[in-house]
Amino acid sequence: MRAFALEYRFRFAVHAVIFLLGFWAPWCVPLGWTRMSTWLVLSSTLSKAGWLTFSAATNVVLIAAIILIALAAWLRTWGAAYVSASIVLSPSMHGPTLLADGPYRRTRNPLYLGTILHAFGLAILMPPSGAIFCVVLIWIFQVRLALAEEPFLASQFGDAYRDYKARVPRFLPAPTPQVPSAGKHPRWLQAVLGEIYMIGVLITYAVFGLNFNATLLTRGVLISLGLWIIVRALLPRPQQPTETPQVRAAQ
């Protein structure tokens, strides 16, 4: 089932609520569930099973999270380089061109895939029940957002989009480009500014992760979010197209 128009319009608020509930996990106290971080729980479990020492287990969980956070930041920044940051942040759907460049030659939804990977990486700071809640709901919401965009793009570009859709996977990237490049050049500066939150979280994990302090990392995440909110307010708003969109994908 695809996301409703209101959900799409307020998708950033929906993401914020899901992540907030994941960290807060208000059901833990009444149900008697642990509020320890998933990082600590996973490390303890690996250690008690005799697979790794506790110290090694904490490093393994951290490294796995950093890899996921890094992939998320790269995918979203790479994807945003081919889409105006103002369009990425817009509450409305836009279709000035049919993208067939960068990551869009391998996956139709690199931004949503990046958000899913980010949720997995961020989940180690949440209580286990909050982590499961967050990852599952974020995954479902990304699918619903993608499903909401597909009819819009089909109406904008017709057979060109249907051919693109048939050749390029919705989420899991193909190992090689599935369509020829349309020749659009990336705009890295605006992409970095638009994805400053993702990049900030990656820096936080990489620099402060070895302190093994989930609270410190959580504060770094909040600082990155605050910086993103400031940058978002300064980015230009998207303009509505005044002409009929032109298909940029190679036929």
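### Brief notes about the confidence of the model for the chain
When pLDDT is averaged along the chain, the result is 90; 92% of the residues meet or exceed 70. Across the chain, element-level confidence peaks in helix H7 (residues 110-122) with a mean pLDDT of 98 and bottoms out in helix H6 (residues 85-88) with 72. Under a pLDDT of 50 for its full length, residues 240-251 has, in the predicted model, 22 contacts with residues more than four places off or in other chains.

### Notes on helix H9 (residues 159-167)
The set of residues buried in H9 consists of Ala160, Tyr161 and Tyr164. Within H9, the buried residues cover an arc of 95 degrees as seen down the axis, which keeps them to one side. Residues of H9 that are exposed and point more than 90 degrees away from the buried face comprise Asp159 and Ala166. Here the buried face of H9 lies against helix H8 (128-157).

### Re the pattern of salt bridges
Per the counting criterion, the structure on display carries seven salt bridges. In this structure, the salt-bridge partner of Arg162 is Asp159, at a minimum N-O distance of 3.1 Å. With a gap of three residues between them, Arg162 and Asp159 both fall in helix H9, about one helical turn apart. The exposure class of Asp159 is exposed, given its relative accessible area of 59%. Taking the shortest distance from any N to any O, the salt bridge between Asp163 and Arg167 comes out at 3.1 Å. In this pair, Asp163 and Arg167 both sit in helix H9, four residues apart, roughly one turn of the helix. Asp163 gets classed as partly exposed once you look at its relative accessible area, which sits at 35%.

### A short note on the packing of helix H5 (residues 54-80) against H7
In the contact formed by H5 and H7, the axes pass within 8 Å of each other and the chain directions differ by 160 degrees. What the angle tells us is that H5 and H7 run roughly antiparallel. In this structure, H5 meets H7 at a crossing whose hand is left-handed. On the side of H5, the interface is formed by Ala65, Leu68, Ile69, Leu71, Ala72, Leu75, Arg76, Gly79 and Ala80, while H7 contributes Pro110, Leu111, Tyr112, Leu113, Gly114, Thr115, Leu117, His118, Phe120, Gly121 and Leu122. Residue composition of the contact of H5 with H7, by class: 14 nonpolar, five polar and one charged.

### Remarks on the side chain of Glu195
Note that Glu195 resides in the loop between helix H10 (188-194) and helix H11 (196-208). Setting aside residues up to four positions removed in sequence, Glu195 forms contacts with Arg76, Thr77, Ala80 and Val88.

### Here we look at the state of the cysteines
One pass over the full model with this rule turns up zero disulfides. We note that Cys28 lacks a disulfide partner, and the nearest cysteine sulfur, in Cys134, lies 13 Å from it. For Cys28, a relative accessible area of 0% corresponds to the buried category.

### Some details on the packing of helix H2 (residues 11-24) against H8
Contact pair H2 / H8: the axes reach a minimum separation of 8 Å and the direction vectors enclose 165 degrees. Classed by the angle they form, the pair H2 and H8 counts as roughly antiparallel. Along this stretch, H2 crosses H8, giving a crossing that reads as right-handed. On the side of H2, the interface is formed by Arg11, Val14, His15, Ile18, Phe19, Leu21 and Gly22, while H8 contributes Gly130, Ala131, Phe133, Cys134, Leu137, Ile138, Phe141, Gln142 and Leu145.

### Observations concerning unusual backbone geometry
In this model, Ala25 sits at a positive phi of 45 degrees, which is unusual for a non-glycine residue. Among the secondary structure elements, Ala25 is positioned in the loop between H2 and helix H3 (28-31). Residue class for Ala25 comes out buried when judged on its relative accessible area of 0%. Phi at Phe212 is positive, roughly 55 degrees, even though this residue is not glycine. Position of Phe212 relative to the elements: it lies in the loop between H11 and helix H12 (214-234). Its relative accessible area of 39% is what places Phe212 among the partly exposed residues.

Cut-off values and rules
- Residues numbered from 1 in each chain as written.
- Predicted model: local features only at pLDDT ≥ 70, side-chain atom pairs only at ≥ 80, totals over all residues.
- Heavy atoms only, no water.
- pLDDT = per-residue confidence, 0-100.
- Helix = DSSP H or I, 4+ residues; strand = E, 2+ residues; numbered from the N terminus.
- Contact = heavy atoms within 4.5 Å.
- Buried < 20%, exposed > 50% of the residue type's maximum accessible area, 1.4 Å probe, protein only.
- Arc of directions from axis to C-beta.
- Salt bridge = Lys/Arg side-chain N within 4 Å of Asp/Glu carboxyl O.
- Axes fitted to C-alpha atoms, helices over the stretch in contact; angles between N-to-C directions.
- Parallel < 35°, antiparallel > 145°, perpendicular 65-115°, else oblique.
- Left-handed = near helix turned anticlockwise from the far one by under 90°.
- Nonpolar A, V, L, I, M, F, W, Y, C, P; charged D, E, K, R; others polar.
- Disulfide = S-S within 2.5 Å.

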